[in-house]
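# Observations on chain architecture
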Amino acid sequence: MASVPLGCSLPLRTLYLSSRQHKTFDAICCCASTASTAHSLSKRASTENPGESLKPIVVHGDPPTFVTAPGCRIVAIGDLHGDLDKARCALQMAGVLSTDGRDLWVGGQTVLVQLGDILDRGENEIAILSLLKSLDIQAKANGGAVFQVNGNHETMNVEGDFRYVDPGAFDECADFLEHLEICNHNWEEAFIGWVGVSERSKEERKLVQNHWDPWNVVKRQKGIIARSILLRPGGPLASELARHSVVLKVNEWIFCHGGLLPHHVEYGIERINREVSYWMKGLSMEDDYPELPFIATKGYNSVVWSRLYSRDTEDLQDYQINQIQSILQETLQALGAKGMVVGHTPQAAGVNCEFNCRIWRIDVGMSRGVLDSRPEVLEIREGRARAIRSKRDGYSELQVVDYT
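Below, the structure is looked at part by part. (Residues numbered from 1 in each chain as written. Predicted model: local features only at pLDDT ≥ 70, side-chain atom pairs only at ≥ 80, totals over all residues. Heavy atoms only, no water.)

### Observations regarding the pattern of salt bridges
- In this structure the tally under the stated criterion is 24 salt bridges.
- Residue Glu 125 pairs with Arg 227 through a salt bridge whose shortest N-O separation is 2.9 Å. Here Glu 125 is found in helix 4 (residues 125–141), whereas its partner Arg 227 is found in helix 8 (residues 215–231), with 102 residues between them in sequence.
- For Glu 379, the salt bridge is made with Arg 381, and the minimal N-O distance between the two is 3.6 Å.
- Residue class for Arg 381 comes out partly exposed when judged on its relative accessible area of 41%.
- Through salt bridges with shared partners, a single network forms among Arg 73, Glu 379, Arg 381 and Arg 386. (Salt bridge = Lys/Arg side-chain N within 4 Å of Asp/Glu carboxyl O. Helix = DSSP H or I, 4+ residues; strand = E, 2+ residues; numbered from the N terminus. Buried < 20%, exposed > 50% of the residue type's maximum accessible area, 1.4 Å probe, protein only.)

Put into structure tokens, the structure is as follows:
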């Protein structure tokens, strides 16, 4: 199959802030008690590379499907599962989040990709989504960008499958609905500002919490109802998730949660993104009740569930390794890509690559609800990919794979 050209006739938008978006960004800074930083962020954007003209990041598709980011550093972060502390640590390790507690973007023209599974197994899911949204607005003001791809736990929750929801996450949903009401149901204001008030809301709830209180049953029901309101197809949080892709290509790299296969490419990755987005919004491609897109979200070989590329090669026979490598090569060639980055399957050994380093597995199970492991991230820069395992690695040249 021929490579999918980045210049195809898809909706096109350039990541520059309009005057209205600048006002929104200023409002975010004020709401987060960081009004004095707005000017410094703009100043950093213009002085970070003096004399160098800004190369625009161009996005094709809605949700984003193909991204061209000439010369940009790319960093990718795996599954976060509701652990806000580990999320912040990973973002700081990636060099895109300030360490002063003000949640400021310091990544300049970096492109950040988060590979899904923010939901379930942890209690600060909406706060993480809020943080990434705030960072995306700030990143755009600096010539960078933040992208997310949805994972199986996002699609499960929109489907109404709450089996893996942390009790604290139900409470967060109830608290967030109250916060939304305080914000007069202004979604953007409430959602972007949530990361700045969520901790206080959680602390206030713990002060009055009594585990033997019979009202706890009622509170739990309230949390379940709140989650259902937010995440049902067409709900406000489901519609927010609908803005994100299932498959994303940035320059010559594919990013998805589970794994992309040849039949997914043949079906069309923009079509997959569009159909999942429509379903999450509660819309339909054919004016009837929206159906869950099976090829993307259901079954062992769907985009968000596949573990084909994440299997331990030590458990495989040579012919199986060759088969998987052939499938991977066919997929990459069809899209004109050098490599693929996936999450979904926790890697006890940390971020690693297989099949001649054409596949990178970056879910390290960092959430306390999974393996509680040390955060690690992937960096792609100037045709080279490497794992960053500590903040010190941000300045080292260890574990580099050169694709040039």
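### Describing the nonpolar core
- Core analysis: the largest hydrophobic core is formed by 104 residues, its most contacted members being Phe 255, Leu 260, Met 340, Val 341 and Trp 360.
- Among the elements that line this core, the one with the most residues is helix 4, at eight residues.
- When near neighbours in sequence (up to four residues on either side) are disregarded, Val 341 contacts Ala 76, Leu 115, Trp 253, Ile 254, Phe 255, Cys 256, Trp 360, Ile 362, Leu 378 and Ile 380. (Core = buried A, V, L, I, M, F, W, Y, C linked by side-chain atoms within 4.5 Å. Contact = heavy atoms within 4.5 Å.)

### A word on the pairing of strand 5 (residues 111–114)
- Residues Val 111 and Val 113 of strand 5 are buried on one face, and the alternating residues Leu 112 and Gln 114, pointing to the opposite face, are buried as well.
- Alignment of strand 4 (residues 74–77) against strand 5, held across four bridges, turns out to be parallel. Paired with Ile 74 across the two strands is Val 111, which belongs to strand 5.
- Handedness of the crossover joining strand 4 and strand 5 through helix 3 (residues 84–93) is recorded here as right-handed. (Pairing = 2+ DSSP bridges. Right-handed = clockwise from strand over helix to strand, strands pointing away.)

### Quick look at unusual backbone geometry
- In this structure, Pro 63 follows Asp 62 across a cis peptide bond, with omega equal to 5°.
- Position of Pro 63 among the secondary structure elements: in the loop between strand 2 (58–60) and strand 3 (66–68).
- Residue His 185 is not a glycine yet carries a positive backbone phi of 60°.
- On the secondary structure map, His 185 appears in the loop between helix 6 (167–182) and helix 7 (187–207).
- A residue is classified by how much of its surface remains accessible, and His 185, at 56% relative accessible area, is exposed.
- Of note in this structure, Asn 251 is not a glycine but carries a positive phi near 55°.

Nothing here speaks to function; it is all geometry.
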